[in-house]
Amino acid sequence: VTGSGPARLAQWQEIDDALPWMEGATILVILVIVAAYFRSVGAPLVTLATAGLAYVVAIRGLAWAGERADVTAPSEVEPVLVVLLLGLVTDYTVFFMAETRRRLRAGATRIEAARGATARVGPLVFAAGVLVAAGALSLLAGEMRFFRVFGPGLAVAALVVTFVCVTLVPAVMGVAGPWLFGARVREA
């Protein structure tokens, strides 16, 4: 059997078989790196909880938007969506948490630290999310239909991730404050 259809199906099967292992390895690497950077257990848990919530909301949002527009996203979008989502959530949560931790070490209360971090990092994260969404939408300008169908779904996912991170992470920082960053920050 030859042709682009069977080749695409075989390629998808290979991706689908490897995807759970790659997702698990990526999540483990994120856990280790964020835990090592912040020297805590709470920080990577916030990152993964945010990623989980963003994934659920993005998948539901894509399904809802697809129903309204009477289109379906190709199954190949899921691996790309997972990679985009994990990357953005990790970056955005680390930005918020690093600034919150810096302010806590400087003597701010948990609310002051979260508020100040949000004021400083929030606009940057929001702008970055909008730029990622715009970049994803630029796939619509391509000539190959295969790539054009990825654009809207990835743009929606980028916006969902941005809104989840801009709202949830500062709230968690305000509630948990120094308890997310280990004994050194609590003592300071």
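Read on for an overview of the structure. Everything quoted here is computed from the prediction, not taken from an experiment.

1. Considering the packing of aromatic side chains
Step number 1: Tallied over the full model, the rule gives 3 aromatic pairs.
Step number 2: Both rings, one in Tyr37 and one in Phe38, keep their centres 4.7 Å apart while their planes meet at 85 degrees; by these two values the pair is edge-to-face.
Step number 3: Judged by its relative accessible area of 44%, Tyr37 is partly exposed.
Step number 4: Site record: aromatic cluster; members linked through ring pairs are Tyr37, Phe38 and Phe181.
Step number 5: Its end group placed over the ring of Tyr37, Arg101 keeps NZ or CZ at 5.0 Å from the ring centre.

2. Structural notes on helix 2 (residues 42–69)
Step number 1: Taking 1.5 Å per residue, 28 residues should reach 40 Å; helix 2 reaches 40 Å between its end C-alpha atoms and fits that length.
Step number 2: Of all the residues in helix 2, the buried ones are Gly42, Ala43, Pro44, Val46, Thr47, Thr50, Ala51, Ala54, Ala58, Leu62 and Gly66.
Step number 3: After helix 2 finishes, the residue Asp70 shows a positive phi value of roughly 60 degrees.

3. Section: helix 1 (residues 4–38)
Step number 1: Taking 1.5 Å of rise per residue, 35 residues should cover 51 Å, and helix 1 covers 47 Å from first to last C-alpha, within 8% of that figure.
Step number 2: Its maximal kink placed at Leu19, helix 1 deviates by approximately 40 degrees, while the proline Pro20 follows within four residues.
Step number 3: Buried within helix 1 are the following residues: Trp12, Leu19, Ile30, Val34 and Phe38.
Step number 4: At its buried positions, helix 1 is contacted by helix 2 and helix 3 (77–105).
Step number 5: Arg39 lies just past helix 1 and shows a positive phi near 55 degrees.

4. Remarks on a nonpolar patch on the surface
Step number 1: Together, Phe126, Val130, Leu159 and Phe163 line one region of the surface with nonpolar side chains, adding up to about 320 Å² of accessible area.
Step number 2: Broken down by secondary-structure element, the contributors of at least two residues to the nonpolar patch are helix 4 (110–137) and helix 6 (150–176).
Step number 3: In this fold, Phe126 is placed in helix 4.

5. Quick notes on the side chain of Thr93
Step number 1: Within the fold, Thr93 resides in helix 3.
Step number 2: Setting aside anything within four residues of it in sequence, one finds Thr93 in contact with Thr47, Thr50, Cys165 and Val169.

6. Details of unusual backbone geometry
Step number 1: The residue Arg39 is not glycine, and still its phi comes out positive at about 55 degrees.
Step number 2: For Arg39, the position within the fold is in the loop between helix 1 and helix 2.
Step number 3: For Arg39, a relative accessible area of 59% gives the class exposed.

Conventions and cut-offs
Residues numbered from 1 in each chain as written. Predicted model: local features only at pLDDT ≥ 70, side-chain atom pairs only at ≥ 80, totals over all residues. Heavy atoms only, no water. Phe/Tyr/Trp six-rings, centres within 6.5 Å; stacked < 30°, edge-to-face > 60°. Buried < 20%, exposed > 50% of the residue type's maximum accessible area, 1.4 Å probe, protein only. Lys NZ or Arg CZ within 6 Å of the ring centre and 35° of its normal. Helix = DSSP H or I, 4+ residues; strand = E, 2+ residues; numbered from the N terminus. Expected span 1.5 Å × (residues − 1). Bend = angle between axes of the 7 residues up to and from the residue. Contact = heavy atoms within 4.5 Å. Patch = residues over 30% accessible without salt bridge, like charges linked within 9 Å, V, L, I, M, F, W, Y side chains within 5 Å. Areas by Shrake-Rupley, 256 points an atom, 1.4 Å probe, with all protein chains shown as cover. Salt bridge = Lys/Arg side-chain N within 4 Å of Asp/Glu carboxyl O.

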